[in-house]
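So you can see what is in the structure, the chains are spelled out below.
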2 protein chains.
Amino acid sequence: MKVGVILVGTELLNGGMLDTNSLYIAEELNKHGLEMKFKITVRDFRDEIYSAIDYCKKNVDLIIISGGLGPTLDDITKEVIAEYVKKPLIVDDDELEELKEKFERAGLKFKTLNVKEVEKPKGAITFKNDVGMAPAVYIDDIVAFPGVPKELYNMLPKFLDWYVKEKKILDDEIYIKDLITYGIAESLLDEAVREFFTEDEIYYEFLVKDYGILIRLQSKMSNKNKVEKIVKKIYNKIGKFIFGEDSDRLEKKVVELLKKLNMNISTAESCTGGMLASKLIDVPGVSDIFYEGVVSYSNETKINRLGVKKETLDKYGAVSEEVAKEMIMGLTTDVALSTTGIAGPDGGSLEKPVGLVYMGIRIRDKVYIEKRVFKGDRSKIREKTVSHTLFTLIKILNEDV
Amino acid sequence: MKVGVILVGTELLNGGMLDTNSLYIAEELNKHGLEMKFKITVRDFRDEIYSAIDYCKKNVDLIIISGGLGPTLDDITKEVIAEYVKKPLIVDDDELEELKEKFERAGLKFKTLNVKEVEKPKGAITFKNDVGMAPAVYIDDIVAFPGVPKELYNMLPKFLDWYVKEKKILDDEIYIKDLITYGIAESLLDEAVREFFTEDEIYYEFLVKDYGILIRLQSKMSNKNKVEKIVKKIYNKIGKFIFGEDSDRLEKKVVELLKKLNMNISTAESCTGGMLASKLIDVPGVSDIFYEGVVSYSNETKINRLGVKKETLDKYGAVSEEVAKEMIMGLTTDVALSTTGIAGPDGGSLEKPVGLVYMGIRIRDKVYIEKRVFKGDRSKIREKTVSHTLFTLIKILNEDV
């Protein structure tokens with residue numbers, strides 16, 4: 001069953017706002033065995049919404065609209081739907097009463113324009129909004145949600161559960177498996193896994209994320225076992241480049257491993273400047289294992305806070321294997337990480353170019369130093385340093401500890 | 001002049017990849033006085049691309065397509081365009097030669113399939129790709145670019161410069177001015193500025209970003225002076241909530257101000273865990289003023305690295321005004337920032353709920369403590385703490401120093 005999505009909102013077209021709703025809609029549709037065929041983004045103009053609905057009606061079975069359900073004058077989605085299905089807009093007394101109560105509970109003043117939030121085409125079915133004002137409205141295979149992400153998240157699953165039951169379309173649910181790789185190029189990944197995909201109905205693709213490259217395997221739910229067999233083959237061939245599946249992330253994996261091994265961790269950062277600590281601290285429950293971080297951006301701090309020797313700094317420079325090593329020796333935990341590098345845009349030389357980074361990892365008494373020259377701008381170099389440090393730590397914890 | 005954008009790529013629909021190209025396209029179109037009317041995202045399927053082109057032809061003057069220009073079999077954008085304009089696909093000898101030379105220079109093997117990258121509908125004009133293989137192709141008000149962002153960035157401006165000259169449409173260029181506010185709700189902003197927009201051709205809207213809310217003023221270039229007059233009025237009325245314009249960011253502003261005042265800075269972070277230091281260190285040239293950061297996540301570190309008193313921790317708890325104060329006193333620079341709070345999801349209580357944060361700011365001997373209860377998940381609470389600390393620092397530096 002094919003779905004078309006219409007996103008309504010001028011701010012989605014003029015560069016003012018990035019659309020994240022449609023990714024969420026895509027994932028939810030997949031879970032419910034439905035497939036997004038295309039999406040159209042239009043401005044808050046009557047003609048553009050109408051013509052997008054008309055285009056969808058000719059090409060898909062279900063139309064999902066997000067945006068334009070609010071109380072202001074430029075919120076016209078429901079008006080246009082009513083016009084398209086040739087029904088008048090009505091207000092249900094009970095729904096109006098409920099809306100007024102919501103305003104009262106929230107301590108907000110109910111104004112005449114707010115009535116718009118419970119308007120709907122006559123004959124429409126509504127889905128309750130637990131986190132905002134306007135309910136979702138469904139009529140004739142067209143459903144409209146508010147554009148506010150949390151309200152969409154609240155009502156879309158409810159609607160889809162109802163819709164697939166109503167239309168009896170649960171038989172072709174989609175199964176997706178993501179393998180998250182790090183440290184291997186997309187072209188090499190492709191060469192490595194291509195041979196496993198000989199069946200017609202099992203697809204794969206590569207998705208480049210900031211935390212690694214995903215191998216996404218996709219098929220019907222009835223092929224789940226076949227997909228899992230291919231997953232095993234991929235692990236056998238390139239398992240050392242795979243650090244997790246589905247919702248795994250490098251920092252989550254590090255925290256899990258350290259908890260299991262009962263080890264605590266500290267960081268000493270120069271070029272990444274707190275980004276490494278911040279990534280780890282974004283994981284809930286990290287306080288059991290994260291002890292401290294030092295952002296030793298100046299040479300004085302490297303000396304005073306971490307005990308790096310002045311002679312080492314003078315002899316080898318701040319961006320060097322030796323300083324990376326002395327930085328991790330200044331930390332007292334079981335595991336210690338350090339970074340020192342040239343993030344640019346200035347400060348590079350022929351011998352030490354922008355992008356040169358040393359990453360130190362200490363696990364109890366054992367010290368490992370990684371040297372890399374990363375490409376990209378200042379932010380990218382810093383992000384790559386963080387990812388590479390975490391991935392290397394995972395590899396060492398898995399193999400050596 | 002109206003433009004429709006077609007984004008080609010299955011990965012843009014299944015939740016695998018967030019589209020950033022279209023925001024870039026929107027900004028470039030604005031600069032050239034063109035207006036994006038809508039965008040359609042389709043999969044790499046012949047029928048879907050064809051039907052999207054057909055829909056655009058009926059609704060806009062220029063069609064910009066991104067994606068599907070590569071060498072693999074599912075790259076079919078140019079085939080579909082050729083079919084739509086009823087021209088055969090041809091290969092220009094010079095362009096093929098040039099492509100082969102690119103491969104040689106890059107040390108890559110040229111394969112038969114790569115010929116596809118220089119195919120084009122007969123009569124098409126091409127635009128040179130300086131950073132990749134496939135050139136952009138234009139015919140009959142349809143132009144196609146590769147989906148790779150850097151290749152699009154390379155060729156779109158070239159194409160638009162040519163196109164507006166060719167079609168003589170430079171007279172209605174658009175002027176955009178962003179005022180970046182912080183610390184005031186969208187509804188209050190609206191009430192404050194609405195009265196200034198009485199002219200028909202000058203629009204405004206609010207864009208919610210992670211670093212604040214933008215007031216975007218937009219009009220034709222010929223109205224620039226009128227827009228600037230409104231900007232002045234807005235500054236007079238709510239200037240204390242405006243921290244910058246256009247490409248300004250909180251951290252950039254902080255670094256600029258500190259350089260001007262010749263002051264250096266350090267950070268002591270608990271709940272933000274390095275995010276504050278990392279934001280500042282993302283600004284190029286920050287090394288002149290950033291001295292050090294301490295991520296004092298555990299109580300021991302607060303005591304050992306910052307000299308917070310054990311009694312203070314015992315008496316008031318780690319999340320308290322007193323501890324925020326002692327944390328900044330443990331830093332030696334002109335300016336010192338501290339954060340301590342409960343980012344959740346666990347650790348909250350009735351008295352100290354999730355979201356409670358104390359932020360300390362010391363400027364030489366003067367100490368300021370901000371207390372807030374932020375809403376949102378762990379990441380959001382941490383991000384809000386960072387933004388609020390930086391904004392408060394800017395305000396104090398502007399007013400008190």
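Residues numbered from 1 in each chain as written. Chains lettered and ligands numbered in written order. Predicted model: local features only at pLDDT ≥ 70, side-chain atom pairs only at ≥ 80, totals over all residues. Heavy atoms only, no water.

The name an unreviewed UniProt entry assigns to chain A is CinA-like protein, from the organism Fusobacterium necrogenes. What the UniProt record of chain A gives under Sequence similarities (unreviewed entry) is the line "Belongs to the CinA family." (UniProt positions renumbered as here; feature names shortened; annotations may be inferred.)

A closer look at the sheet that holds strand β8 (residues 142-145) of chain B
Taken together, the twelve strands give an open sheet; going across it, the order is β6(A)-β7(A)-β8(A)-β3(A)-β1(A)-β2(A)-β2(B)-β1(B)-β3(B)-β8(B)-β7(B)-β6(B), and neighbouring strands pair in mixed fashion. Looking at the sheet topology across the chains shown, the edges are occupied by β6 (125-127) of chain A together with β6 (125-127) of chain B. Neighbouring strand axes in the sheet, compared pairwise and without regard to direction, differ in orientation by 15° on average. Where strand β3 (residues 62-66) of chain B and β8(B) come together, four bridges link them in parallel fashion. Along β8(B), the bridge assignment pairs B:Ile65 with B:Ala144. (Pairing = 2+ DSSP bridges. Helix = DSSP H or I, 4+ residues; strand = E, 2+ residues; numbered from the N terminus. Axes fitted to C-alpha atoms, helices over the stretch in contact; angles between N-to-C directions.)

Observations regarding the side chain of A:Arg43
In this structure, A:Arg43 sits in the loop between β2 (35-42) and α2 (46-59). Contacts of A:Arg43, omitting those with residues within four sequence positions, involve A:Val8, A:Gly9, A:Thr10, A:Leu13, A:Glu48, A:Ile49, B:Lys2, B:Glu35, B:Met36 and B:Lys37. (Contact = heavy atoms within 4.5 Å.)

Regarding the relation of the copies chain A and chain B
The two copies are related by a screw operation: chain A maps onto chain B through 179° of rotation and 0.3 Å of translation along the axis, at an RMSD of 0.4 Å. The superposition operator between the copies reduces to a two-fold rotation axis. The share of interface residues of chain A whose copies in chain B are also at the interface is 100%, consistent with both copies meeting through the same surface. (Least-squares fit on C-alpha atoms with pLDDT ≥ 70 in both.)

Structural notes on the domain arrangement of chain A
All names here are of chain A. On domain assignment, one finds that chain A holds domain 1 (2-167), domain 2 (174-245) and domain 3 (250-400). Between domain 2 and domain 3 the total buried area reaches about 640 Å² when both faces are included, carbon and sulfur atoms providing 65% of it. Counting across the interface, domain 2 meets domain 3 through zero salt bridges. There are one residue pair in polar contact (both at pLDDT 80 or more) connecting domain 2 and domain 3. Taken together, the residues that form the side of domain 2 that touches domain 3 break down as four nonpolar, no polar and two charged. (Domains from an automatic or database assignment. Buried area = accessible area lost by both parts, 1.4 Å probe. Salt bridge = Lys/Arg side-chain N within 4 Å of Asp/Glu carboxyl O. Polar contact = N/O pair within 3.5 Å; in protein donor to acceptor, adjacent residues only side chain to side chain. Nonpolar A, V, L, I, M, F, W, Y, C, P; charged D, E, K, R; others polar.)

Some remarks on the sheet that holds strand β9 (residues 174-181) of chain A
All names here are of chain A. Read across the open sheet, the four strands follow the order β10-β11-β9-β12; overall the sheet is antiparallel. In this open sheet, the two strands that pair with only one neighbour each are β10 (203-209) and β12 (242-245). Going from strand to strand, the sheet's axes swing by 25° on average, the running direction of each strand aside. In this sheet, β12 lies alongside β9 in antiparallel orientation, the contact comprising three bridges. Counted as the bridge partner of Thr181 is Ile242 from β12. Its contacts with the sheet put helix α6 (residues 186-193) on β9, β10 and β11 (212-220), and the angle it makes with β10 is roughly 160°.

Details of unusual backbone geometry
For the bond from A:Gly344 to A:Pro345, the omega torsion is 0°, close enough to zero to count as cis. A positive phi angle is found at A:Lys86, which is not glycine, with a value near 55°. The exposed category is assigned to A:Lys86, whose relative accessible area is 69%. Phi at B:Asp246 takes a positive value of approximately 50°, unusual for a residue other than glycine. In this fold, B:Asp246 is placed in the loop between β12 (242-245) and α8 (250-261). (Buried < 20%, exposed > 50% of the residue type's maximum accessible area, 1.4 Å probe, protein only.)

Considering the packing of α8(B) against helix α13 (residues 378-400) of chain B
Each packed pair of helices is defined by two parameters, the angle between the axes and the distance between the axes. Residue and element names in this part refer to chain B. Where α8 contacts α13, the axes come no closer than 9 Å and their chain directions differ by 35°. For the crossing formed where α8 meets α13, the hand is left-handed. Of α13, the residues touching α8 (which contributes Leu250, Glu251, Lys253, Val254, Leu257, Leu258 and Leu261) are Ser387, Leu390, Phe391, Leu393, Ile394, Leu397 and Asn398. Residues of the contact of α8 with α13, tallied by class, amount to ten nonpolar, two polar and two charged. (Left-handed = near helix turned anticlockwise from the far one by under 90°.)

So, a negative patch on the surface
Residues B:Asp93, B:Asp94, B:Glu97, B:Glu98, B:Glu101 and B:Glu104 make up a contiguous surface patch of negative charge. Mapped onto the elements of the fold, B:Glu104 is located in helix α4 (residues 93-105). (Patch = residues over 30% accessible without salt bridge, like charges linked within 9 Å, V, L, I, M, F, W, Y side chains within 5 Å. Areas by Shrake-Rupley, 256 points an atom, 1.4 Å probe, with all protein chains shown as cover. Lys, Arg positive; Asp, Glu negative; His and termini not counted. Charge placed at Lys NZ, Arg CZ, Asp CG, Glu CD.)

Here we look at the pattern of salt bridges
Evaluation of the coordinates by the stated rule reveals 55 salt bridges over all chains. Between A:Arg382 and B:Asp282 there is a salt bridge, with its nearest N and O atoms 2.7 Å apart. Here the residue A:Arg382 occupies a position in helix α13 (residues 378-400), and B:Asp282 occupies one in the loop between α9 (275-281) and β14 (290-295), the pair thus bridging two chains. Note on A:Arg382: relative accessible area 0%, which makes it buried.

Quick look at the interface of chain A and chain B
The partner chain B presents 67 residues to the 67 residues of chain A that form the contact. Of the roughly 5400 Å² buried between chain A and chain B, counting both surfaces, carbon and sulfur atoms make up 49%. For the pair chain A and chain B, the interface holds six salt bridges. Taken together, chain A and chain B are joined by 29 residue pairs in polar contact (both at pLDDT 80 or more). Take the side of chain A that touches chain B: its biggest share by element is eight residues, from β2(A). Class assignment of the residues belonging to the side of chain A that touches chain B gives a composition of 29 nonpolar, 20 polar and 18 charged. For β2(A) and strand β2 (residues 35-42) of chain B, the ladder comprises five bridges, and the chain directions are antiparallel. Residue pairing for β2(B): A:Lys39 is matched across the bridge by B:Thr41.

Considering the side chain of A:Thr41
Mapping A:Thr41 onto the fold places it in strand β2. A:Thr41 gets classed as buried once you look at its relative accessible area, which sits at 1%. The residues touching A:Thr41, leaving out its near neighbours within four places in the chain, are A:Leu7, A:Leu12, A:Leu13, B:Lys37, B:Phe38 and B:Lys39.

What about the nonpolar core?
Grouped together as the largest cluster of nonpolar side chains are 50 residues, with contacts concentrated most on A:Ile53 and B:Ile53. With residues near it in sequence (within four places) discarded, A:Ile53 still touches A:Ile6, A:Ile63, A:Ile65, A:Val80, A:Ile81, A:Tyr84 and A:Ile142. (Core = buried A, V, L, I, M, F, W, Y, C linked by side-chain atoms within 4.5 Å.)

Examining the confidence of the model for chain A
Here chain A shows a mean pLDDT of 91. Residues at 70 or above account for 98%. Note on the complex model: pTM 0.72, ipTM 0.71. (pLDDT = per-residue confidence, 0-100.)

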